[in-house]
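# Examining the three-dimensional arrangement
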Amino acid sequence: MADSLVIVESPAKAKTIGKYLGSKFIVKASMGHIRDLPKSQIGVEVDNDFLPKYITIRGKGSILKELRDASKKVKKVYLAADPDREGEAIAWHLAHYLEIDEKDACRVVFNEITKQAVKDAFKNPRPIDMDLVNAQQARRVLDRLVGYKISPLLWKKVKKGLSAGRVQSVAVKLIYDRENEINAFIPEEYWSITAHLLKGNASFEAKFHSLNGEKKELTSESDVKEVLAQLGTSGFTVGEVKEKERQRNPSPPFITSSLQQEAARKLNFRASKTMQIAQQLYEGVDLGKEGTVGLITYMRTDSTRISPIAQEEAKEFIEGKYGEKFYPETPRVYTKKNAGAQDAHEAIRPTSVLRDPESVKAFTSKDQLRLYKLIWERFVASQMASAVLDTMTVDLADGPVVFRANGSKLKFAGFMKVYVEGNDDGTTDEDRLLPALAAGDNVNSDQIEPKQHFTQPPPRFTEARLVKTLEELGIGRPSTYAPTLETIQKRNYVAMEEKKFIPTELGELVIQLMEEFFPEILDAEFTANMEGDLDHVEEGTQDWVNVIGDFYKSFEVRLNFAEEEMKEIEIKDEPSDEVCDKCGSQMVYKMGRFGKFLACSGFPNCRNTKPIIKDTGVHCPKCAEGQIVERRSKKGRMFYGCNLYPECDYVSWDKPVAKPCPSCGGMMVEKRVKGEIQYHCTVCTHSENVDDAEEAAE
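Report on the accompanying structure. No experiment lies behind these values; they were computed from the predicted model shown.

Between its first and last C-alpha, helix 9 (residues 271-283) extends 18 Å over 13 residues, near the 18 Å set by a 1.5 Å rise per residue. For helix 9, the full list of buried residues reads Ala 271, Thr 274, Met 275, Ile 277, Ala 278, Gln 279, Leu 281, Tyr 282 and Glu 283. Taken together, the buried residues of helix 9 touch helix 1 (11-21), helix 8 (256-267), strand 12 (285-286), helix 12 (366-382), helix 13 (463-473) and helix 14 (481-490).

What follows deals with helix 18 (residues 544-565). Side chains of residues three or four places apart in an α-helix project in the same direction, reflecting 3.6 residues per turn. The end-to-end C-alpha distance of helix 18 is 32 Å, a good match for the 32 Å that 22 residues give at a rise of 1.5 Å each. At Tyr 552, helix 18 is deflected by roughly 30°, the largest bend along its length. Taken residue by residue, helix 18 has Trp 544, Val 545, Val 547, Ile 548, Gly 549, Phe 551, Tyr 552, Phe 555, Leu 559 and Ala 562 as its buried positions. Lining the buried residues of helix 18 we find strand 5 (51-52), helix 5 (130-157), helix 15 (505-517), helix 16 (519-522) and helix 17 (524-539).

Going from Phe 603 to Pro 604, the amide bond is cis rather than trans, its omega being 10°. Here Pro 604 is to be found in the loop between strand 21 (595-600) and strand 22 (609-611). Put simply, Tyr 645 and Pro 646 share a cis peptide bond, and its omega is 10°. Its place among the elements puts Pro 646 in the loop between strand 25 (638-642) and strand 26 (651-652). Phi at Asp 49 is positive, roughly 55°, even though this residue is not glycine. Of note, Asp 49 is situated in the loop between strand 4 (44-45) and strand 5. Backbone geometry at Asn 212 places phi at a positive 55°, although glycine is not the residue there. Along the chain, Asn 212 falls in the loop between strand 9 (202-211) and strand 10 (214-215). A residue is classified by how much of its surface remains accessible, and Asn 212, at 57% relative accessible area, is exposed.

Reading the values: the criteria
Residues numbered from 1 in each chain as written. Predicted model: local features only at pLDDT ≥ 70, side-chain atom pairs only at ≥ 80, totals over all residues. Heavy atoms only, no water. Helix = DSSP H or I, 4+ residues; strand = E, 2+ residues; numbered from the N terminus. Expected span 1.5 Å × (residues − 1). Buried < 20%, exposed > 50% of the residue type's maximum accessible area, 1.4 Å probe, protein only. Contact = heavy atoms within 4.5 Å. Bend = angle between axes of the 7 residues up to and from the residue.

Below is the structure:
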C-alpha cells in the first residue's frame with residue numbers, strides 16, 4: 001500500500017513520475033493553480049499591506065476533494081510542482097489547503113523528469129521557499145492593481161473590454177513606436193556598382209570601393225557617372241590580396257527567449273505553440289520499451305548553464321560520433337546574457353544527448369520531433385569546437401577606381417556540422433568562393449552593373465524580434481513572453497500582417513491615453529527596474545509589501561488625476577460604401593480580433609457581418625472565372641482563395657503575382673528565399689528575383 005502522496009500540476013507529468021517512483025507513491029495532478037484572486041473584484045486589500053484575497057478556482061472542488069481524501073490515507077505528502085515562482089506558489093497554495101506546514105520538508109523540485117533526477121530529488125525534499133512565493137505574489141498583486149485600477153477607467157472613458165498591464169502595455173508601445181518610426185521614415189537614395197568579373201573560366205563579383213585612394217559614397221546617379229567615366233576598357237589589375245583564417249563560435253544552448261525566437265525562424269512556430277510543445281517534451285513522451293521519459297530539461301529559464309554530467313556526456317558523444325577534433329580543448333562555459341538573468345535552472349537541453357532525434361522519431365508527433373531536433377542540435381553544437389573559415393579580400397584596380405571582392409570558404413566545419421543559428425532576415429551562410437588571385441593578375445570585366453537603391457525603414461516586429469527586444473530591455477521573464485503576445489492580440493491592440501505586428505486604431509488610442517496619464521507604466525526602464533525588484537524579493541533581499549507600496553504611492557496619485565482629467569472618447573464606426581445584403585442598411589468598418597471587418601449599421605436588429613476582401617487582380621488558376629482575393633483564417637493568418645468559394649475551393653498561402661510566368665503562362669506567387677523575395681511559377685520550375693522581374697516589366 002502507498003504511504004506517500006505526490007502532487008504535480010498535470011496528468012502527463014503525473015504519469016511519467018509515477019512510473020519512476022513505484023507502488024509506495026500515489027501521484028496525482030492539481031491541474032495547475034488551485035487558488036487565485038477573484039475575477040469579479042480586485043481581490044487585494046490595499047489598506048492591509050496589499051493582502052491578497054484568494055479563492056478556490058471554479059471547477060477545482062472535485063480535484064481538491066480527491067487530493068484531500070488521498071492525503072488522509074498516507075503518511076507523507078510531497079509537492080512536486082514546476083521549479084519556478086509559479087510552481088512554488090502552487091505548492092504553497094496546496095500546502096495551505098491540505099494543512100501542511102510550509103516549514104516541513106514537503107517540496108520536491110527537479111529540472112528534468114528522468115528516473116535519476118526524480119529519485120535524487122525525493123532524497124532531498126525541502127521546505128517551501130517563501131521568497132519565491134512572495135515574488136510570485138508580488139507580481140500577481142502588482143499586475144492586478146495595474147489591470148483592475150486602469151481597466152475600469154478605460155471602460156468608462158473609452159470602451160468596455162479594454163485592459164492595461166505592465167508588460168503588455170510596454171509591448172504594445174514598442175509596436176506603436178516602431179510604426180511611427182516607419183511612417184516618419186524618409187528614404188534616402190544610394191547606389192551600388194557591381195563588377196561581374198572573369199578570371200579564366202571562373203566568374204565572381206566585386207563591389208565599388210574607392211576612387212583616387214579615398215572611400216566614396218554613391219548617393220546619386222551623378223556620383224555613379226563620375227566613377228564610370230574613370231573606367232577604361234582593359235579590365236582590372238589585382239592589387240592587394242588579404243587572406244586570413246577566422247574562427248566562428250557556436251551559440252549557447254537555448255534559454256526560453258532564444259528557443260521562441262529560433263522556433264519562429266526555423267519552424268514557423270508561434271511563441272505559444274513553442275511553449276506548449278516544449279511542455280509536452282519536458283513532462284514526458286512514451287518511448288515504448290524505455291517507458292515514459294522527459295526528453296528535455298525545464299523550458300522556462302534564462303540561464304545558459306548546463307550540469308557537469310550533461311557536459312561530460314556531450315563530450316563523449318561528440319568525440320565518439322564526429323572525432324576528437326570536433327570537441328574544443330577546454331569545455332565551453334557560457335555566461336549570463338544579461339544582468340537580470342536568473343541562474344536557478346539549467347539551459348534548455350535534451351535530458352540525454354544519446355537520445356538523438358532519429359531514436360525518438362517513432363514515438364513523437366511531427367511538431368514534437370521538429371522542436372526536439374532543434375533543441376538537441378543546438379545543445380550538441382553549443383559544446384563543439386569552433387568552425388574555421390578561410391577569408392579572402394581582394395582589391396582590383398582600373399586606373400583610379402578600386403573594386404573589392406570578398407570570399408570565404410569553410411575550412412573546418414566544427415559545430416556547423418550539426419547546427420547554425422538562424423537570423424531574422426532569412427539569409428544563410430554559404431561559401432563565397434573566389435578564384436586563385438595574386439597581385440598583378442589581370443582580370444576581365446564581363447559587365448559593370450550600376451543599381452539604384454533606397455534606404456529602408458526599420459522592420460516591423462515579428463514575434464521573434466519582439467521577444468528579443470523585451471528580453472534585451474529586461475522586461476518580463478521566461479514565463480511571460482508567450483502570454484504577453486497572446487494578450488495584446490486578444491485585446492485587439494495589435495494585428496498580425498504577414499507575420500508582423502501592426503498597432504490597431506484601438507491600440508494606438510489606448511497607448512496615447514496611457515502616455516498622457518500613466519507614462520511610467522509604458523516606460524521600459526521603469527518596468528525593467530520593477531522586474532529587478534521582484535528578483536530581489538525572490539532572493540530574499542527585499543520585502544514584497546514594500547516593493548508594492550513604493551509603486552502604489554505614485555500610481556494612486558496618477559489614478560486620481562486620470563479620474564478627474566481623462567475625457568470620455570467615443571469611438572465612431574467608419575462608414576463604408578457597402579450595403580447590407582440582408583436589410584439594406586449601410587455597412588460600417590469595425591475592429592475585430594483579426595483586424596477590420598464589415599458590420600451592419602443596423603446592429604443589434606441586424607447582425608450581418610462580412611470580411612473585408614482585398615482583390616489581388618489575379619484570375620483563379622483553378623476555375624478561370626473567379627478572382628483571387630486576400631482572406632484571413634480563423635487564427636488570423638493571411639491566405640489567398642477564389643472569390644467564388646464554395647463553388648471553387650482554390651486556396652494558397654503564397655501571395656499571387658499579377659504577372660504570368662514568362663515560360664508557361666502559369667500563375668506566379670511570392671516566396672522568400674534566403675532573405676529575398678522571389679517569384680515562383682506554380683506550374684513549371686521557373687523562378688526569378690523580384691528586382692529582375694520589375695526591370696523586365698519596365
